[in-house]
Amino acid sequence: MKSLQYLMFTLFLTILIGCENKQENTKDSDSKDTLLLSHEDSLKLANEEREKTYEEWRKYNNSVKAHKEQDTIVGNFTKGKTDTLFIIQCSYDSEEREKDNYHCIMYSSNKLIPKLDLYYNIAPKLVNEGDLDGNGTTEVGILDTWYFSACRMYRIYTLHNNRWYYLIPPLYTAANLRASGLELAEPTNEKNKIRIRYCEENAPLSSCSSGPIVDTIVSVSLKSTNYDKHYFGE
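Report follows, based on the coordinates.

**As for the pairing of strand S6 (residues 126-130)**
Stage number 1. Note that strand S1 (residues 69-70) and S6 share two bridges and pair antiparallel. Each bridged residue has a counterpart across the sheet, and for Gln 70 the counterpart in S6 is Leu 126.
Stage number 2. Of the pairings in the sheet, the one linking S6 to strand S7 (residues 139-143) comprises three bridges and is antiparallel in character. Considered in S7, the bridge of Gly 130 is made with Glu 139.

And the structure:
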């Protein structure tokens, strides 16, 4: 009798262990299948999202999503009457053709507003930045534009004593910032202080396509635009 009970108990344990092993193997198999499927989907999704992102960035190689970019803007640039700024058609200087110097000129019919040579730019647009520093005059923003690369400087100009100056040093922008919808410059509640956004050019893995975005408040620091001639080899 005891032998029969022992035999049946042993048989029961054998069946129980077999069932548990089968269930465990089934779980492992399901888990492996799910993991492989998830990994493949993740790669596919990552590639699709990356391509969508790059395509969006390419739209803004020569533009900023948050900006209203125009051929002509109207503002109070002299603390006097309202004036109009526009871009004179860009053209090569015939004497400098061999140096590939491409000139675009920002111009106003007001004789108190001097012309501004924008140097290397193809069909640049004007951005009315309003009164960023709280001094009562309208600032002008212009994004560098060119045929290739995605590295662009955004330059904010202000008129002071009938001369054009940079309101702050030019802002470095990568494509991800220009496509983000973020404003590059905004006024604050404090005079001579503005909020800016730019890309950290020297950060690890930073590139013309993508760079870490810095959001900060800086003091106005007028800088002459004369150094542009030296920078562009003139």
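What follows picks up the thread again.
**So, the sheet that holds strand S13 (residues 213-219)**
Stage number 1. Spatial strand order, S11-S12-S13: three strands in an open sheet with antiparallel pairing. In the strand order of this sheet, the two ends are held by strand S11 (185-187) and S13, each with one partner. The mean inter-strand angle of the sheet, taken between neighbouring strand axes irrespective of direction, is 20°.
Stage number 2. Pairing between strand S12 (residues 193-199) and S13: seven bridges, direction antiparallel.

**Some words on the packing of aromatic side chains**
Stage number 1. Tallying each qualifying case throughout the model produces four aromatic pairs.
Stage number 2. The interplanar angle of 65° and the centroid separation of 5.0 Å between the aromatic rings of Trp 146 and Tyr 147 together place this pair among those described as edge-to-face.
Stage number 3. Assessed through its relative accessible area of 16%, Trp 146 is described here as buried.
Stage number 4. Connected via pairs of aromatic rings, a cluster forms that spans Trp 146, Tyr 147 and Phe 148.

**Digging into the side chain of Asp 144**
Stage number 1. Note on placement: Asp 144 falls in the loop between S7 and strand S8 (152-160).
Stage number 2. On the basis of relative accessible area, Asp 144 is assigned to the buried category, the value being 13%.
Stage number 3. Polar side-chain contacts of Asp 144 include one of 2.8 Å to the side chain of Arg 155.
Stage number 4. In this structure, Asp 144 is in contact with Asn 62, Asn 121, Arg 152, Met 153 and Arg 155, ignoring residues within four places of it in sequence.

**Points about unusual backbone geometry**
Note: most peptide bonds trans; most residues except glycine with negative phi.
Stage number 1. The residue Asn 162 is not glycine, and still its phi comes out positive at about 60°.
Stage number 2. You can see Asn 162 is positioned in the loop between S8 and strand S9 (163-166).
Stage number 3. By relative accessible area, Asn 162 is classed as partly exposed at 43%.
Stage number 4. Here the phi dihedral of Leu 205 falls at roughly 70°; this positive angle occurs in a residue that is not glycine.
Stage number 5. Secondary-structure assignment places Leu 205 in the loop between S12 and S13.
Stage number 6. Its relative accessible area of 84% is what places Leu 205 among the exposed residues.

**Details of the state of the cysteines**
Stage number 1. Overall, the coordinates contain one disulfide when judged by the stated rule.
Stage number 2. Disulfide pairing is shown between Cys 151 and Cys 208; the S-S distance is 1.6 Å. Torsion about the S-S bond of the Cys 151 and Cys 208 cystine: about -75°, corresponding to left-handed handedness. Residue Cys 151 is located in the loop between S7 and S8, and its partner Cys 208 is located in the loop between S12 and S13; the two are separated by 57 residues in the primary sequence.

**Description of the side chain of Arg 152**
Stage number 1. With respect to the helices, strands and loops of the structure, Arg 152 is situated in strand S8.
Stage number 2. Within the structure, the side chain of Arg 152 is placed 3.1 Å from the backbone oxygen of Ser 149, a separation counted as a polar contact.
Stage number 3. The residues contacting Arg 152, other than those within four sequence positions of it, are Asn 61, Asn 62, Leu 143, Asp 144, Thr 145, Trp 146, Leu 171, Tyr 172, Thr 173 and Arg 178.

**As for the environment of Asn 192**
Stage number 1. One can find Asn 192 in the loop between S11 and S12.
Stage number 2. Contact partners of Asn 192, with chain neighbours within four places excluded, come to Asp 133, Val 218, Ser 219 and Val 220.

Parameters and conventions
Position numbers for residues count from 1 along each chain, tracking the sequence in the order it is written. Reporting of local features is limited, given that this is a predicted model, to residues whose pLDDT is at least 70; pairs of side-chain atoms are given and counted only at 80 or more, and all residues count toward the totals for whole chains, interfaces and linings. By convention in this description, side-chain values take in all heavy atoms of the structure and omit both hydrogens and water. Strands are labelled as partners when DSSP assigns at least two bridges between them. Working definition: helices are DSSP H or I runs of at least four residues, strands are E runs of at least two. Numbering for both runs from the N terminus. Comment: axis = line fitted to C-alpha atoms, over the contacting stretch for helices; angle = value between 0 and 180 degrees taken between N-to-C directions. Stacked, tilted and edge-to-face are the three classes applied to pairs of Phe, Tyr and Trp rings, where Trp contributes its six-membered ring and a pair requires centres within 6.5 Å; stacked means planes under 30 degrees apart, edge-to-face means over 60, and tilted covers the rest. Accessible area is worked out with a 1.4 Å probe on protein chains only. A residue is then buried under 20% of its type maximum, exposed over 50%, and partly exposed in between. Throughout this description, a polar contact denotes any pair of N or O atoms lying within 3.5 Å of each other; where both atoms belong to protein, one of them has to be capable of donating a hydrogen while the other can accept it, and for residues adjacent in sequence the pair is counted only when both atoms sit in side chains. Whether two residues touch is decided by their heavy atoms; if any such pair falls within 4.5 Å, the residues are in contact. In this description, the term disulfide denotes a pair of cysteine sulfurs within 2.5 Å.

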